[in-house]
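If you want the building blocks of each chain, they are given just below.
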Amino acid sequence: MTTPGDSAAETWPLWEVFVRSNRGLSHVHVGSLHAPDETLAVRNARDLYTRRSEGVSVWVVPAAAITTSDPDAKGAFFESPVGKNYRHASYYSKSEGVKHL
Amino acid sequence: MTSTITPDTSAAVDISVEEQQFNDLIEADSRIEPRDWMPEGYRKSLVRQISQHAHSEIIGMQPEANWITRAPSLKRKAILMAKVQDEAGHGLYLYSAAQTLGATRDDMTGALIAGKARYSSIFNYPTPTWADMGSIGWLVDGAAICNQVPLCRASYGPYGRAMVRICKEESFHQRQGFEILLELMAGTDEQRQMAQDSVNRWYWPALQMFGPPDDDSPNSAQSMAWKIKRHSNDELRQRFVNMLVPQAAVLGVTLPDPDLHFNEETQQWDLGEIDWTEFHEVLAGRGPNNAQRLQRRRDAHEEGRWVREAAAAYAAKETARKQSALTTTTEMAAS
Amino acid sequence: MTNHIETDADDHADDHGHVAVDGTVLDAELIEGPSVATPDVAEYASWLGDDSLVLAQQLGAWISRAPELEEDVALGNVGLDLIGHARSLLHYAGTASNQTEDDLAYWRTEPDFRSLHIVEQPNGDFAHTIARQFVVAHYLFELYSRLRASGDATLAAIAAKAVKEVDYHRDHSTQWVLRLAQGTDESRRRMITALSDVWPYVDEIFRDGPLIDRLEGIAVRPSSLRTAFDEAIAPVLAEAELEIPRGFVATGGGRDGIHSEHLAFLLAEMQVLTRAHPGASW
């Protein structure tokens, strides 16, 4: 399933935009735009999302190329982590107060 | 809010669970994200509200773009261009958010041009003088900001996030309008008159931007329950006037409401009676610039069709070219 | 920029959201040098400044009329870059006569403007605007690349910033030339027409004059750019399958204050409000 809003009927397809504002951070999804191809997409993204120097790096991806996890399958897809609290440090209460742990 | 559970079919129980989840999210002030289950009314309300907001930004470009080529200094020209450009950007962020709910840009644009979609009626007024650039920034954007900041916490994720981005950028819009008026009021007699005349024309329409009185506003109650709308019309209007009065004093302009007075008891400024007739007329399409705004938008869209199609055709050719180059390489490698 | 919006507290005092602008370091808006321009340098700066100003004015007219909203934003960006160049250049030009950038922009008439005819040609349809942008942006890139080495520090500084911006303009117009020329039959037809309408004004761009001779080491000799310009646009035109038009060559004269009829209308619109209120500040 593609990102929401993707539609084959549009003259200019939908692209999702990711911007990394600084070295050391990761790319963050900032929104979408329409463009006929990847060259104009990345340029439009630069114009639309980095007018105030908010971007060190801009990624654009066709919405159609993105695979999303379907919320209907949320139960099965994301069930496994639930209840496995031993993966979180806070589970280990006896270690509270011991330095450097 | 408890959901009714119909006893027989398990399908009905599933729907209720999802609706319960939705309600829990709303109540916890959390966010609904695209593809979460949501009541059809919620989705429809959102598409309507977000797209109307987007259309407002786009149509709102026009009254200001009117003065770009005649801006009276290069600095003002640059500022105005940047502002109008921001508005195009805001429209785009909002169309993006609406698109996550399935409404396509083509459909939304089509509805706008066909006169089937609404936009803020404030933009159906003309901008005959430069001072209107000041009033639009100070009064119209000021009112918009009052509406928009609470929307940063709208329950629908993409909408709230678009609003955060918009609010960040909007902060300069109101300031530049205020400064235009400040400069005019410190200027020649003609400039002062231009400024006061402009405020006289924009003040009441700006107050009407908050919508009809709460009693006359049918959609409000449901929108507030769904946390798409976070404050009532009258509440926001009152907050706005409370902020404006001291600002008007700094400017030295008179707000055109002879009944405006400070209420010692409530510590608020009481407003005079708003005449809603004009508002309804403009809303019904009988405002000064309704036809012109749509026509300009339609013309830009139709005249631009050959350009958009050219770009799409080029993209298709490029894709085909790359495909056949790939096929050729594969064939060569295989032979 | 470190703006942030507080969105948690519902009833915080500032209904505008708390926008903190502390820590925002604003870059210099104009490039200003320590020196005052000599009359010759001022004249040269107004050649370049007027080109940028007139072109920016033209692009300003596209806003809210572009073929797609994304192009409203893109053309707006190009226009804003050009206004920035115009302001820096005209500000510098004004130092020779104690005038501001606005004095020069709003109170001179056509005979005192030094812009090329090509920037005065009307916007026309999108293809005409793109054809004009394509030519001018490629020229400006070659110009500013070399002006960075100018003996005049202010011009060099202006060029250093401008060259990066016009590089982007060059790319933007190139992308559109390709798409229009190779898109549909209609777009191709329009692109060919547009290029042939704009081409008569190319020659003037690369003409030298006595001022250039006097400013050796400071100004960039226009004729020195022709080869680089031709070499830069050739591959694009080849890929677009567009031929260099043959035909009229306009006499020009912009650098001497002789302009096409279009400039008068453009200036009338640009200057009307300021002229209605002499002495006022805005």
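Please read all numbers here as calculations on a predicted model, not as lab measurements. (Residues numbered from 1 in each chain as written. Chains lettered and ligands numbered in written order. Predicted model: local features only at pLDDT ≥ 70, side-chain atom pairs only at ≥ 80, totals over all residues. Heavy atoms only, no water.)

1. A closer look at the overall build of chain C
Of regular secondary structure, chain C possesses 11 helices and 0 strands. Starting at the N terminus and walking to the C terminus, you meet the elements of chain C as α-α-α-α-α-α-α-α-α-α-α. What you see for chain C is a C-alpha radius of gyration of 21 Å, in line with the 19 Å of a compact globule of 282 residues. Taking the principal axes of its C-alpha atoms as reference, chain C extends roughly 70 × 50 × 40 Å. (Helix = DSSP H or I, 4+ residues; strand = E, 2+ residues; numbered from the N terminus. Rg over C-alpha atoms; globule rule 2.2 N^0.38 Å.)

2. Considering the pattern of salt bridges
Residues and elements named next belong to chain B. With the rule as written, the count across this model stands at 37 salt bridges over all chains. Asp-197 serves as the salt-bridge partner of Arg-201, at 3.2 Å between the closest nitrogen and oxygen. With Arg-201 and Asp-197 both in helix α7 (residues 189-208) and 4 residues apart, the pair spans about one turn of that helix. A salt bridge links Arg-239 to Glu-235; the nearest nitrogen and oxygen atoms lie 4.0 Å apart. With Arg-239 and Glu-235 both in helix α9 (residues 233-251) and 4 residues apart, the pair spans about one turn of that helix. Shared partners join several salt bridges into a network, and the residues in it are Glu-64, Lys-83, Glu-87 and Asp-141. (Salt bridge = Lys/Arg side-chain N within 4 Å of Asp/Glu carboxyl O.)

3. Brief notes about the interface of chain A and chain C
Facing 12 residues of chain A, the contacting portion of chain C comprises 10 residues. Between chain A and chain C, roughly 1200 Å² of surface is buried when both sides are summed, and carbon and sulfur atoms account for 55% of that area. Applying the counting criterion to the chain A and chain C interface returns 2 salt bridges. Between A:Asp37 and C:Arg179 there is a salt bridge, with its nearest N and O atoms 2.8 Å apart. In this structure, the connection of chain A to chain C is made through 5 residue pairs in polar contact (both at pLDDT 80 or more). The dominant element in the side of chain A that touches chain C, judged by the number of residues it contributes, is helix α1 (residues 38-49) of chain A, at 7 residues. Among the residues forming the side of chain A that touches chain C, the class breakdown is 4 nonpolar, 3 polar and 5 charged. (Contact = heavy atoms within 4.5 Å. Buried area = accessible area lost by both parts, 1.4 Å probe. Polar contact = N/O pair within 3.5 Å; in protein donor to acceptor, adjacent residues only side chain to side chain. Nonpolar A, V, L, I, M, F, W, Y, C, P; charged D, E, K, R; others polar.)

4. Remarks on the environment of C:Pro210
Tracing the backbone shows C:Pro210 in helix α9 (residues 210-214). The sequence separation of C:Pro210 and C:His91 amounts to 119 residues, and the corresponding C-alpha distance is 23 Å.

5. A word on unusual backbone geometry
For B:Asp29, which is not a glycine, the phi torsion comes out positive at approximately 60°. As for its placement among the helices and strands, B:Asp29 is situated in the loop between α1 (10-27) and α2 (40-65). We note that C:Ser64 has phi near 85°; this positive angle belongs to a residue other than glycine.

6. Overview of the packing of aromatic side chains
By the definition in use, this model includes 16 aromatic pairs over all chains. Taken together, B:Phe22, B:Trp37, B:Tyr42 and B:Trp226 form an aromatic cluster joined through their ring pairs. The residue whose ring lies beneath B:Arg70 is B:Trp67, and the NZ or CZ to ring-centre distance is 3.7 Å. The residue whose ring lies beneath C:Arg108 is C:Phe113, and the NZ or CZ to ring-centre distance is 4.1 Å. (Phe/Tyr/Trp six-rings, centres within 6.5 Å; stacked < 30°, edge-to-face > 60°. Lys NZ or Arg CZ within 6 Å of the ring centre and 35° of its normal.)

7. Concerning the nonpolar core
Membership of the largest hydrophobic core comes to 193 residues, with the highest contact counts inside it found for B:Trp130, B:Trp138 and C:Tyr44. The contact partners of B:Trp130, leaving out residues within four places of it in the chain, are B:Trp67, B:Ala71, B:Pro72, B:Arg76, B:Leu80, B:Ile180, B:Leu184, B:Met194, C:Leu273 and C:Trp282. (Core = buried A, V, L, I, M, F, W, Y, C linked by side-chain atoms within 4.5 Å. Buried < 20%, exposed > 50% of the residue type's maximum accessible area, 1.4 Å probe, protein only.)

8. Examining the environment of C:Leu48
Residues and elements named next belong to chain C. Mapping Leu-48 onto the fold places it in helix α1 (residues 39-60). With relative accessibility at 3%, the residue Leu-48 sits in the buried group. Leu-48 sits 207 residues away from Arg-255 along the chain, and the two C-alpha atoms are 9.9 Å apart. Filtering out sequence-adjacent residues up to four positions away, Leu-48 remains in contact with Leu-89, Tyr-139, Leu-143 and Leu-147.

9. Digging into the packing of α1(C) against helix α5 (residues 126-147) of chain C
Geometry of a packed helix pair, given as the angle between the helix axes and the separation of the axes. Residues and elements named next belong to chain C. Following both chains from N to C, one finds α1 and α5 inclined at 150°, their axes separated by 12 Å at the closest point. Classified by the angle between their axes, α1 and α5 sit roughly antiparallel to one another. The two elements α1 and α5 meet at a crossing, and its hand is left-handed. Note on element contacts: α5 touches α1 through Thr-129, Arg-132, Gln-133, Val-136, Tyr-139, Leu-143, Tyr-144 and Leu-147, opposite Tyr-44, Leu-48, Asp-51, Ser-52, Leu-55, Gln-58 and Leu-59. Residues belonging to the contact of α1 with α5 are distributed by class as follows: 9 nonpolar, 4 polar and 2 charged. (Axes fitted to C-alpha atoms, helices over the stretch in contact; angles between N-to-C directions. Parallel < 35°, antiparallel > 145°, perpendicular 65-115°, else oblique. Left-handed = near helix turned anticlockwise from the far one by under 90°.)

10. Examining the side chain of C:Gln57
Relative to the elements of secondary structure, C:Gln57 occurs in helix α1. For C:Gln57, a relative accessible area of 5% corresponds to the buried category. Every residue in contact with C:Gln57, bar those within four places of it in the chain, is listed here: B:Thr69, B:Lys77, C:Leu266 and C:Met270.

11. Some thoughts on the sheet that holds strand β2 (residues 28-34) of chain A
Residues and elements named next belong to chain A. Across the sheet, which stays open at both edges, the 3 strands sit in the order β2-β1-β3 with antiparallel pairing between neighbours. Pairing within the sheet leaves two strands with one partner each, and these edge strands are β2 and β3 (57-62). Averaged over neighbouring strand pairs, the angle between their axes works out to 30° when direction is ignored. Pairing of strand β1 (residues 14-20) with β3, which is carried by 6 bridges, proceeds in the antiparallel orientation. Bridging across to β3, Phe-18 finds its partner in Trp-59. Against the sheet, α1 makes contact with β1, β2 and β3, and its axis sits at roughly 120° relative to β2, the strand it touches most. (Pairing = 2+ DSSP bridges.)

12. Here we look at the confidence of the model for chain B
Looking at chain B, the pLDDT average stands at 89 and 95% of residues meet or exceed 70. Across chain B, the element-wise mean pLDDT spans from 74 in α1(B) up to 97 in α7(B). (pLDDT = per-residue confidence, 0-100.)

13. A word on the interface of chain C and chain B
A common way to report how large an interface is uses the accessible area buried once the components associate. Residue-level contacts link 58 residues of chain C with 58 residues of chain B. Between chain C and chain B, a total of about 5200 Å² is buried, with carbon and sulfur atoms accounting for 65% of that surface. Where chain C meets chain B, there are 2 salt bridges. Among the ionic pairs, B:Arg105 bridges to C:Glu70, the shortest N-O distance being 2.6 Å. Residue composition of the side of chain C that touches chain B, by class: 24 nonpolar, 17 polar and 17 charged.

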